[in-house]
Amino acid sequence: MADWNPSLYLQYGAERTRPAAELLARIALNDVSSIVDLGCGPGNSTALLHQRWPSAQIVGVDNSPAMLEQARVAVPECRFIEADIQRFRPEHALNLIYANASLQWVPDHYELLPHLVSLLALNGVLAIQMPDNQQEPTHVLMREVAYEQGYPDRSRDALPGVHAYYDILSEAGCEVDIWRTTYYHKMSSHQAIIDWVSATGLRPWLQELNESEQRNYLKRYQELLEQQYPLQENGQILLAFPRLFIVARREP
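Residues numbered from 1 in each chain as written. Predicted model: local features only at pLDDT ≥ 70, side-chain atom pairs only at ≥ 80, totals over all residues. Heavy atoms only, no water.

Participant: Give a detailed account of the nonpolar core, specifying residues and quantitative values.
Facilitator: In terms of nonpolar packing, the biggest core is built from 48 residues, with I27, W53, L96, Y98, L202, Y217 and Y221 touching the most fellow members. In contact with I27, other than residues within four places in its own chain, are R52, W53, L96, Y98, V125 and A127. (Core = buried A, V, L, I, M, F, W, Y, C linked by side-chain atoms within 4.5 Å. Buried < 20%, exposed > 50% of the residue type's maximum accessible area, 1.4 Å probe, protein only. Contact = heavy atoms within 4.5 Å.)

If you want it as structure tokens, here you go:
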């Protein structure tokens, strides 16, 4: 898959950073010396961590060179390394593993989450936020257009769900706080919705298509979006965006 586009991702930087800040607000840690930001992207979440714990050693991890280049400019006080989330191994136990909108791209959470817990120091925290929108029209229609036009299903695996995550992390020795929030983002047009998802969820669907195929896919996708997302009285569109939040503390 081609590299991520930081500029496109940050086109809605405020909306993408808001859940990162709200996740951070629920982390009850004071004495923090070591933090890893898994899937740090362009550094918007890493900047929040640095503001909260300016004296901590913070490492941002991502597999996108373009995102890491942007992150190093945005937060030069932190260290950034290119690595795969599944293969990353810290040098020592961590006080906080923070994963904002990244783990949904990583398979097999039944193995992944206990592994991440094992990287924590006692009383350390695993904090996760993930989009939970596979059943929203934006994502259902990606699958529908691909089916209509004869392309393979490139959707991500469904998340295990609230009850499964609670059991996974409880069995891994954590005290678990889990909740779900639906944001309603104001979009100026249906094209704006396409711009939003083009930076993230739509990428796998377009990746293997040539320019002509992409145009046909997006034309049909926009037609279906217009059917599913009506205009408000002032001409805006409300884009529902559910997100799942987890804060798990490794118990002594």
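Next comes the rest of the description.
Participant: Tell me about the sheet that holds strand β5 (residues 120–131), residues and numbers included.
Facilitator: One open sheet holds the seven strands; their spatial order is β3-β2-β1-β4-β5-β7-β6, and the pairing between them is mixed. Each having just a single partner strand, β3 (79–82) and β6 (174–187) make up the two edges of the open sheet. Sheet twist, expressed as the mean angle between neighbouring strand axes with direction ignored, is 15 degrees. In this sheet, strand β7 (residues 237–250) lies alongside β6 in antiparallel orientation, the contact comprising 14 bridges. Bridge pairing in β7 places R180 opposite L244. Lying over the sheet, helix α8 (residues 190–198) contacts β6 and β7, oriented at roughly 25 degrees with respect to β7. (Pairing = 2+ DSSP bridges. Helix = DSSP H or I, 4+ residues; strand = E, 2+ residues; numbered from the N terminus. Axes fitted to C-alpha atoms, helices over the stretch in contact; angles between N-to-C directions.)

Participant: Can you explain the packing of helix α6 (residues 137–148) against helix α10 (residues 211–228)? Please cite residues and give values.
Facilitator: Between α6 and α10, the shortest axis-to-axis distance is 10 Å and the interhelical angle comes to 135 degrees. Considering the angle they form, α6 stands oblique to α10. Classified by chirality, the crossing of α10 by α6 is right-handed. Within the contact between the two elements, α6 uses P137, T138, L141, M142, E144, V145, A146 and E148 and α10 uses Y217, R220, Y221, L224, L225 and Q228. Here the residues of the contact of α6 with α10 sort into nine nonpolar, two polar and three charged. (Parallel < 35°, antiparallel > 145°, perpendicular 65-115°, else oblique. Left-handed = near helix turned anticlockwise from the far one by under 90°. Nonpolar A, V, L, I, M, F, W, Y, C, P; charged D, E, K, R; others polar.)

Participant: Any chance you could break down the packing of aromatic side chains for me, citing the residues and the numbers?
Facilitator: Evaluation of the coordinates by the stated rule reveals three aromatic pairs. Aromatic side chains W179 and F245 sit 5.1 Å apart centroid to centroid with 5 degrees between the ring planes, which places their arrangement in the stacked category. Taken together, the residues W179 in strand β6 and F245 in strand β7 connect sequence positions 66 residues apart. The buried category is assigned to F245, whose relative accessible area is 1%. Its guanidinium or amino end placed over the ring of W179, R26 lies 3.9 Å from that ring's centre, counting from NZ or CZ. (Phe/Tyr/Trp six-rings, centres within 6.5 Å; stacked < 30°, edge-to-face > 60°. Lys NZ or Arg CZ within 6 Å of the ring centre and 35° of its normal.)

Participant: Tell me about the pattern of salt bridges, residues and numbers included.
Facilitator: Applying the stated criterion across every chain yields a total of eight salt bridges. Here R220 and E148 are joined by a salt bridge, their closest N and O atoms 2.9 Å apart. Remark: E148 occurs in helix α6 and R220 occurs in helix α10; sequence separation between them is 72 residues. On the accessibility criterion, R220 (24% relative accessible area) is partly exposed. Judged by its relative accessible area of 41%, E148 is partly exposed. Measuring nitrogen to oxygen at the nearest pair gives 3.2 Å for the salt bridge that ties R220 to E223. Here the residue R220 and the residue E223 both occupy positions in helix α10, the gap between them amounting to three residues, near one helical turn. Where salt bridges share partners, they join E148, K219, R220 and E223 into one cluster. (Salt bridge = Lys/Arg side-chain N within 4 Å of Asp/Glu carboxyl O.)

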